[in-house]
Amino acid sequence: MTTLPTSAEEPNGLHPVLAPGHTLGTVTDKISELVLARPLNWRWITGITVGSSLLTLLLVSVAAVLANGIGVWGLNRPVMWAFDITNFVWWVGIGHAGTLISAILLLLKQEWRTSINRFAEAMTLFAVACAGLFPLLHMGRPWLFYWLMPYPNTMALWPQWRSPLVWDVFAVSTYATVSLLFWYVGLVPDLATLRDRARNRWLKLIYGIFALGWRGSAKHWHRYRTAYLLLAGLATPLVVSVHTVVSLDFTAGIVPGWHSTIFPPYFVAGAIFSGFAMVLTLAIPLRGAFGLHDFITQRHLDNMAKVMLATGLIVAYSYTMEFFFAWYGMNIYEYQQIVVERPTGPYAPFWWALMTCNILIPQALWSPWVRRNVLLLWVISIIVNIGMWLERFLIIVVSLHADYIPASWRMFYPTFWDFSTFLGTIGLFITLLFLFIRVLPVIAMAEMRELVHETQGHNGGAHASGLSTPTPTPGVES
Amino acid sequence: MKPIPHPDLYGLMAEYHETGPLLEAARKAYADGFRRMDAFSPIPVEGLAEAIGFERNALPKVVFAGGLIGCFGGFFMQWYSAVVDYPLNIGGRPFNSWPAFLPITFETTVLCASLSAVFGMIALNGLPKPYHPVFNVESFELASRSHFFLCVQSDDPKFDRVATRAFLEGLGPVAVHEVGF
């Protein structure tokens, strides 16, 4: 079947989730060619070069931390956790949109998720890998990390189950494991496609090993879908629990500025906010660089912008409530910390920047014109990422630097190694992402075929809709 | 031991380009008395597994069992270590301070249920299986792209090389292939 001209909008005024004119075959060919046929291009080489340079910086920074101890960071008393936990929470938060898109939107039968879920899940995995580095390094002796695990050690000691830090170990490692499983299960039919379409013997062998001999049997598909749905159902409460547990690390402490019941929902909303911002940050250039306009349409960008706006409003509400509690509760330490210190103290510029990035600027998303303007949307998503990093920094550093006794107050100044470790993890993330783009399909082929089958009615007349014969309006690109 | 009636033949495979005719063919083959058969498709097709007579999906039970093991195992681990093996008085709280044990219990439940969903699916499907006779059919590599197949196995009691081929050809396929071992 030849490709039909694309139509910009469906009759109901919405952009389609997939440009019309695709068949099972064209979708498969286009996505698998990104991996199998596309030669190395300058965009990919630039990306991997930037990524691996920053990754080298990470290795140097980690070596510096291991050789000298975490004192090379600007940590002091009372600010004993600063960039490291800020980065940890930020990275874990970014991971959340991946699981949210794959699991919750799957359960809600939001078909627009299909073309973004694969790389959003990959993003989750890579973000969690970056996040995990920080608590490990902060331990000072990371090679003893297994002390946190329940195992029969020679001292007959167990982890302290009542500590949120131990909950964190379980929550984050479970989250990483389940995300990996979810991602791999989704990949199996696609790996089989790559195995069947690869012309290189070695590639065929490698994809074949990971495809486990998948052959698309009806019985296999039946169990496969059950497993996938159950995993989605299990991952959904997991997303909420992980960031809730992360927030309990703070809430369970009695530091003014941390000890707040609003933290769990506030952290979860913030995580989704930053996660969707990161998906947009990645999806927009990816779509341009690899010509994926048919699959990641205006509708996806629009929907993600709306989710970002909604979660941004929840975050704004949480900031307001934090302020209100501190004022209404009249605990002098909390009042001093939240009402006085944050907007007027030494870190005030960061607080005002946070308000601008996370509350003021996202309001532009109310305008459909802004949501349609791809470049502007991309800039806003980057601003939100910066804002969410500032939020975590403020919660952690500002709360710690001024606690109950003014005599112990002290400023935190980041050192070179603070910045280099953070930039380094961005390098790790970029490197992993570009390797992923090179060797695995960025869009879930099997699910796209299903979407074609459902929406465009090719290879199955039963579900045919009016979309199979679109009005030809040539030259209009969605 | 009973000899295999067709030592060179795994089965006969009909090829389709659409889901509709495949579903219809699968239903007809089942109605005609064939039981040992399988269908292959690049997408999960609604009702296809039922059409070839596949009803028992044990996976939900496996996942439920995995979740229960994770739940009780996780709680038991904490209870045993905090109450029996190494009781510590933390701010006068009871040794069995179960509300504090719930986050980890939840995580182990999800972890075990997810692991059993994935490994249960792989095991019940008989994967990994790098070699399978259906891969010998040349056009089968399109089963992961855009084509659909219905394979009647030669160990079906009703299988007959000539008659079954004629029967499959009557179901409107694009082609009928012999699947060798």
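Here the structure is shown first, and the text comes after it.
Now for a look at the structure at hand. (Residues numbered from 1 in each chain as written. Chains lettered and ligands numbered in written order. Predicted model: local features only at pLDDT ≥ 70, side-chain atom pairs only at ≥ 80, totals over all residues. Heavy atoms only, no water.)

To continue, consider the overall build of chain A. Looking only at helices and strands, chain A has 15 helices and zero strands in total. By the compact-globule yardstick of 23 Å for 478 residues, chain A fits well, its C-alpha radius of gyration being 24 Å. Projected onto the principal axes, the alpha-carbon positions of chain A cover approximately 75 × 55 × 40 Å. Within chain A, the proportion of its 478 residues that are buried is 60%. Long-range pairs, those at least 24 residues apart, make up 80% of the contacts in chain A with a sequence separation of at least 6. Carbon and sulfur atoms make up 71% of the accessible area of chain A, which totals about 18,800 Å². (Helix = DSSP H or I, 4+ residues; strand = E, 2+ residues; numbered from the N terminus. Rg over C-alpha atoms; globule rule 2.2 N^0.38 Å. Buried < 20%, exposed > 50% of the residue type's maximum accessible area, 1.4 Å probe, protein only. Contact = heavy atoms within 4.5 Å. Areas by Shrake-Rupley, 256 points an atom, 1.4 Å probe, with all protein chains shown as cover.)

All names here are of chain B. When the terminal C-alpha atoms of helix α4 (residues 98-124) are compared, their 36 Å separation across 27 residues agrees well with the 39 Å that a helix rising 1.5 Å per residue should span. When the local axis directions of α4 are compared, the greatest deviation, roughly 30 degrees, occurs at I104. Downstream of α4 by a residue or two, G126 has a phi angle that is positive, lying close to 70 degrees. (Expected span 1.5 Å × (residues − 1). Bend = angle between axes of the 7 residues up to and from the residue.)

This paragraph deals with the interface of chain B and chain A. Across the boundary between the two partners, chain B contributes 65 residues, which contact 58 residues of chain A. Summed over both sides, the interface between chain B and chain A buries roughly 5,400 Å², with carbon and sulfur atoms accounting for 66% of that surface. Taken as a group, P44, E107 and R145 of chain B account for 12% of the area that chain B buries against chain A, more than any other trio of residues on that side. The tally of links from chain B across to chain A stands at two salt bridges. (Buried area = accessible area lost by both parts, 1.4 Å probe. Salt bridge = Lys/Arg side-chain N within 4 Å of Asp/Glu carboxyl O.)

Next up on the list: the packing of aromatic side chains. Evaluation of the coordinates by the stated rule reveals 46 aromatic pairs over all chains. Here the aromatic residues F83, W90, W91, Y347, F350, W389, F393, F412, F419, F422 and F429 of chain A are joined through ring pairs into a cluster of three or more. Here the guanidinium or amino end of R438 of chain A rests over the ring plane of W44 of chain A, the centre of that ring lying 6.0 Å away. Directly above the aromatic system of Y30 of chain B lies the positively charged group of R35 of chain B, at a separation of 3.8 Å from the ring centroid. (Phe/Tyr/Trp six-rings, centres within 6.5 Å; stacked < 30°, edge-to-face > 60°. Lys NZ or Arg CZ within 6 Å of the ring centre and 35° of its normal.)

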